[in-house]
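Here is what each chain is made of, one letter per residue.
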Amino acid sequence: MPPYALPIWEEPREKSSDARARGVRGGREGPERFYRTGPGPPAPMSALLEVKDVVTAYGKIEALKGVSLQVEQGSITCLLGPNGAGKTTLMMTTAGILRPRSGSIRFAGKEIAGAAPHRIVELGAALVPENRLVFPSMTVLENLQAGAYQRNDRGGIDEDIERLFERFPRLKERAAQHGGTLSGGEQQMLSVARALMSRPKLMLMDEPSLGLAPLVVEEIFRIIAQLHKDGTTIFLVEQNAHMALTVAHHFYLIEQGKVTFSGDPGSLAEDEVIRRAYLGSAKA
Ligand SMILES: Nc1ncnc2c1ncn2[C@@H]1O[C@H](COP(=O)(O)OP(=O)(O)O)[C@@H](O)[C@H]1O
Ligand SMILES: [Mg+2]
């Protein structure tokens, strides 16, 4: 099966009139009724994250060739694109793990391009990295505590862990287990929960559905929708464009290190964008 194969949805389709009544777009493939948490971010919108002309290189290879985009406060904004397009590079550059060669990244009104990762976490942006990257030989509880490393309010940290255990009962059951012994879906939940321990305004999520079974993917997207409902802005990288477009308010397509398209789900070019997100395009 190719890596971009779509999950098989078994949810019943919703009548588009019902969808319209709730302010969502009807008629799209997929379990839309579970996910979209509202008609979109409240107007007027303002950018929580503003990326401008960012160039990031690995040695001589420029992975980002002048990327500009915005993530509006209160939105779920999705970055689509084929393998190798530069999605992870952009996430890591935003999180401060990679230093851009040039360009500007403004978060909550402050310039953060080249700032240290811990500083960016303190400002309120948390990364849920590609492939989850939980600490395998630390327990679930220790993984969560690690997510609060920049905080020193012991009581608040314990309260947050309790709250996350309520939200993710399976993590509570496995609190004393090593991260490496969890299933892929549980590791993804732990990775999300660990990021939440920093109380972020913005979650940078790099392919949270990668390699997970369809039912687990559905659960991850439900979690994303809930986080958004709770007030967190979400910048989501996905190869699963069909799924991503059920939650996103706005999307960008990145190909070969450049943003080549941006729009709202439902726009005329959506099918073409989805095709290119999976397959890439010859021209960039
Ligand atoms: N550590 C690295 N060293 C050299 N090249 C890299 C490294 N990581 C990624 N690249 C290259 O940068 C480009 C973008 O990669 P990446 O950001 O991981 O893409 P995506 O997440 O969209 O699949 C690719 O051409 C990839 O081969
Ligand atoms: Mg990637």
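Residues numbered from 1 in each chain as written. Chains lettered and ligands numbered in written order. Predicted model: local features only at pLDDT ≥ 70, side-chain atom pairs only at ≥ 80, totals over all residues.

Chemist: Looking at this model, I keep getting lost on the overall build of the protein. Mind explaining?
Modeler: Per the secondary structure count, the protein includes eleven helices and ten strands. Within the protein, the proportion of its 284 residues that are buried is 42%. (Helix = DSSP H or I, 4+ residues; strand = E, 2+ residues; numbered from the N terminus. Buried ≥ 20, exposed ≤ 12 C-beta atoms within 10 Å, placed from the backbone.)

Chemist: How should helix H3 (residues 87-94) be read in this particular structure?
Modeler: Along an α-helix, a turn takes 3.6 residues, which lines up residues three or four apart on a common side. H3 sits mainly inside the fold: seven of its eight residues count as buried. Buried residues of H3: Lys-87, Thr-89, Leu-90, Met-91, Met-92, Thr-93 and Thr-94, and no others. Phi for Gly-96, located one or two positions after H3, is positive at around 90°.

Chemist: So what exactly am I meant to see when it comes to the nonpolar core here?
Modeler: Most often, soluble globular proteins keep nonpolar side chains buried together rather than apart. In this structure, Leu-204 and Leu-236 are the most contacted members of the largest nonpolar core, which totals 72 residues. Sorting elements by how many residues they give to this core places helix H8 (residues 184-196) first, with six residues. Apart from the residues within four sequence positions on either side, Leu-204 is in contact with Met-91, Thr-94, Ala-95, Ala-125, Ala-126, Leu-127, Val-128 and Phe-235. (Core = buried A, V, L, I, M, F, W, Y, C linked by C-beta atoms within 7 Å. Contact = placed C-beta atoms within 7 Å.)

Chemist: When you look at the site of ligand 1 in this model, what are you seeing that I'm missing?
Modeler: Every residue near ligand 1 is listed here: Tyr-58, Ile-61, Ala-63, Gly-81, Asn-83, Gly-84, Ala-85, Gly-86, Lys-87, Thr-88 and Thr-89. Those elements that provide at least two residues to the shell around ligand 1 are strand E2 (61-72) and H3. Considering each element in turn, the shell around ligand 1 owes the most residues, three residues, to H3. Class assignment of the residues belonging to the shell around ligand 1 gives a composition of four nonpolar, six polar and one charged. (Near = placed C-beta within 6 Å. Nonpolar A, V, L, I, M, F, W, Y, C, P; charged D, E, K, R; others polar.)

Chemist: Help me understand the environment of Thr-260, please; the structure alone is not making it clear to me.
Modeler: Along the chain, Thr-260 falls in strand E10 (residues 258-263). Here Thr-260 falls in the partly exposed class, since 16 other C-beta atoms lie within 10 Å of it. Distance in space between the C-alpha atoms of Thr-260 and Val-273 is 9.4 Å, their sequence separation being 13 residues.

Chemist: Please clarify how the sheet that holds strand E4 (residues 102-107) should be interpreted in this entry.
Modeler: Two strands in a sheet stick together by hydrogen bonds in their backbones, pointing the same way (parallel) or opposite ways (antiparallel). The strand order across the open sheet built from four strands is E2-E1-E4-E5, with neighbouring strands paired in antiparallel fashion. On the outer flanks of this sheet lie E2 and strand E5 (110-111), each paired with one strand and no other. Strand direction decides the pairing type here: strand E1 (residues 47-58) and E2, joined by nine bridges, are antiparallel. Looking at the pairing, Val-55 lines up with Lys-65 of E2. Across the sheet, H3 is in contact with E1, E2 and E4; its angle to E2 comes to roughly 65°. (Pairing = 2+ DSSP bridges. Axes fitted to C-alpha atoms, helices over the stretch in contact; angles between N-to-C directions.)

Chemist: Looking at this structure, how should I read the pairing of E10?
Modeler: Successive side chains on a regular strand alternate, one facing one side of the sheet and the next facing the other. As judged from the five bridges shared by strand E9 (residues 250-255) and E10, these two strands associate in the antiparallel manner. Following the sheet pairing, Ile-254 is matched in E10 by Val-259. Hairpin connection between E9 and E10: a loop of two residues separates the two successive antiparallel strands, and Gln-256 in this loop has a positive phi of roughly 45°.

Chemist: For this particular structure, what's the right way to read unusual backbone geometry?
Modeler: Leaving glycine aside, a negative phi is the common case for residues, and trans is the common case for peptide bonds. Phi is positive for Arg-132, which is not a glycine, with a value near 70°. Mapped onto the elements, Arg-132 comes out in the loop between strand E6 (125-128) and helix H5 (140-146). With phi around 50°, Glu-207 is a residue other than glycine that occupies positive phi space. Within the element layout of this structure, Glu-207 appears in the loop between strand E7 (202-206) and helix H9 (214-229).

As far as function goes, none of this settles anything; it's purely spatial.
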